[in-house]
Amino acid sequence: CDGRKLTELRDINCEVDLFKPLHGSALFQRGQTQVLCNVAFDSLDSVFRADPISVITGGLKEKNFMLHYEFPPYATNETGRSGPVGRREIGHGALAEKALRPLIPSDFPFTIRLTSEVLESNGSSSMATVCGGSLALMDSGVPLSSQAAGVAVGLMSQPDPKNSYELQDYRILTDIS
Ligand SMILES: *[C@@H]1O[C@H](CO)[C@@H](O)[C@H](O)[C@H]1NC(C)=O
Ligand SMILES: *[C@@H]1O[C@H](CO)[C@@H](O)[C@H](O)[C@H]1NC(C)=O
């Protein structure tokens, strides 16, 4: 809808080391989507401990890497109240956390809190969080096993009228907005 070719991404701009008092910070922008990621370390005593029910259902007892994702109303040019964290924010945060967790050394001697605040959004802010989060973690000195980047993709297809499971013709859209 913005006239890009199938192989074109929106313009990307990255900045790191924005705030000296923080352990790490990064600003990642792709088109009209901009996220600010900050990293803070604490001792291993501050790990997140799940309650017994969550341990039974989720299997995770403790985690020393937490990603908090915020999507305030102004990110989409709306006024409104910032209330309790919604399902959408929890889901997007979990998605980005899942992308970054395997890159963090398991013996890292601190608890890491990464916050991602979406400053403006027109598509793919969870994937922008993966990019900005990776930059902020590297800025903070966490020895990641690799950099990470994420991009939203979509599929447009024309199903076969006789067999709806067979795709006659399809295009993959990269960096959807
Ligand atoms: C979001 O991006 C689309 C595609 O470029 C554009 O048409 C639309 O106006 C943008 N939305 C805002 C709020 O700028
Ligand atoms: C945001 O909303 C204001 C007030 O309605 C409008 O003037 C402005 O153009 C909007 N900005 C974008 C990027 O849509």
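Residues numbered from 1 in each chain as written. Chains lettered and ligands numbered in written order. Predicted model: local features only at pLDDT ≥ 70, side-chain atom pairs only at ≥ 80, totals over all residues. Heavy atoms only, no water.

Around ligand 1 sit C1, D2, Q32, N122 and S177, and those are all the residues in its vicinity. Side-chain polar atom of Q32 to an oxygen atom of ligand 1: 3.0 Å apart, as the coordinates give it. Protein chains shield 43% of the accessible area of ligand 1, which is 360 Å² for the free molecule. For the shell around ligand 1, the per-class residue count stands at one nonpolar, three polar and one charged. (Near = heavy atom within 4 Å. Polar contact = N/O pair within 3.5 Å; in protein donor to acceptor, adjacent residues only side chain to side chain. Areas by Shrake-Rupley, 256 points an atom, 1.4 Å probe, with all protein chains shown as cover. Nonpolar A, V, L, I, M, F, W, Y, C, P; charged D, E, K, R; others polar.)

One pass over the structure, following the stated rule, counts seven salt bridges. With its nearest N and O atoms 3.0 Å apart, the salt bridge here joins E97 to R101. With relative accessibility at 8%, the residue E97 sits in the buried group. For R101, a relative accessible area of 32% translates into the label partly exposed. The network of salt bridges with common partners includes D2, R4, R10, R30 and D175. (Salt bridge = Lys/Arg side-chain N within 4 Å of Asp/Glu carboxyl O. Buried < 20%, exposed > 50% of the residue type's maximum accessible area, 1.4 Å probe, protein only.)

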